[in-house]
Amino acid sequence: MSVGKILVVDDDTNICELLRLYMENDGYTVAIANDGEAAVKTFGEFHPDIILLDIMLPKLDGWQVCREIRKTSDTPIIMLTAKSETFDKVLGLELGADDYVVKPFDSKEVLARVKAVLRRTSKQPSDEVKQVNYDKLSINLTNYEMKVDGKAVNTPPKELELIYHLASNPNHVFTRDQLLDEVWGFDYYGDSRTVDVHVKRLREKLEGVSDKWELKTVWGVGYKFETRD
């Protein structure tokens, strides 16, 4: 029985087949796309649970594919890239990717990343409604929805988990390492810049909404959700 569906996008057919064999051996159903246009088309037909997305692709590059998918879906995306520069990692995260793997990679590491991201983004049914409310802001972790001034705002799972964690602990200052541990989990392979990128995206959605709270940087320490009387 399939434990999930993975879309592998890479123009290197050897990498695709290697990942296909490794993922299928672990019980996943795998679809392959070798260029950006095929990736967008296959995504709409296959409805994967997670995407392994190369950056350097013909027709549409990985960043363009990520943008297209993020217009309609929060499906987790792990970027595959031969580039190790910080710029490429941060750009991928800013566009809505959940993680990245630098080539050459070990298939075991990719599988571990897939499982970690799916654990973080899975929405388990529960009788308990996890929700916090502030002036013009509602964050519901049960149905993964954030509303600003009564309107639902498209918020990727990790962004929503981060703002929920901060807003559930108002005026508490968290370091970046604490947030990585408590929101991303011990099995996250990234670095503290990931937190900064997600906070930046949240600020773009929340800035100026209310004067009664603020997602605030505590310089030299980390971040807090500050409330005011």
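Below you will find a few notes about this structure. All of these numbers come straight from a predicted model, not from anything done at the bench.

## Observations regarding the sheet that holds strand β11 (residues 213-218)
Part 1 of the argument: Pairing in this open sheet of 3 strands is antiparallel, and the strands run β10-β12-β11 from one edge to the other. The sheet is open, and its two borders are formed by β10 (174-175) and β11, each paired with just one other strand.
Part 2 of the argument: With 6 bridges joining them, β11 and strand β12 (residues 222-227) adopt antiparallel strand pairing. Of the residues in β12, the one forming a bridge with T217 is Y223.
Part 3 of the argument: Seen against the sheet, helix α6 (residues 157-167) touches β10, β11 and β12 and runs at an angle of roughly 60° to β12.
Part 4 of the argument: This element, helix α8 (residues 193-206), spans β11 and β12 of the sheet and lies at about 150° to β11.

## Considering the environment of N133
Part 1 of the argument: You can see N133 is positioned in strand β6 (residues 131-134).
Part 2 of the argument: Among the polar contacts listed, one links the side chain of N133 to the side chain of Q131, at a separation of 3.0 Å.
Part 3 of the argument: A polar contact of 3.0 Å, which involves the side chain of N133, links it to the side chain of S138.

## Quick notes on unusual backbone geometry
Part 1 of the argument: Geometrically, the link from K103 to P104 is a cis peptide bond, its omega value of -5° lying close to zero.
Part 2 of the argument: With respect to the element layout, P104 can be found in the loop between β5 (99-102) and α5 (107-121).
Part 3 of the argument: A positive phi angle, near 70°, is found at K59, a position not held by glycine.
Part 4 of the argument: Checked against the element boundaries, K59 lands in the loop between β3 (50-54) and α3 (62-70).

Conventions and cut-offs
Residues numbered from 1 in each chain as written. Predicted model: local features only at pLDDT ≥ 70, side-chain atom pairs only at ≥ 80, totals over all residues. Heavy atoms only, no water. Pairing = 2+ DSSP bridges. Helix = DSSP H or I, 4+ residues; strand = E, 2+ residues; numbered from the N terminus. Contact = heavy atoms within 4.5 Å. Axes fitted to C-alpha atoms, helices over the stretch in contact; angles between N-to-C directions. Polar contact = N/O pair within 3.5 Å; in protein donor to acceptor, adjacent residues only side chain to side chain.

By themselves these figures say nothing about function.
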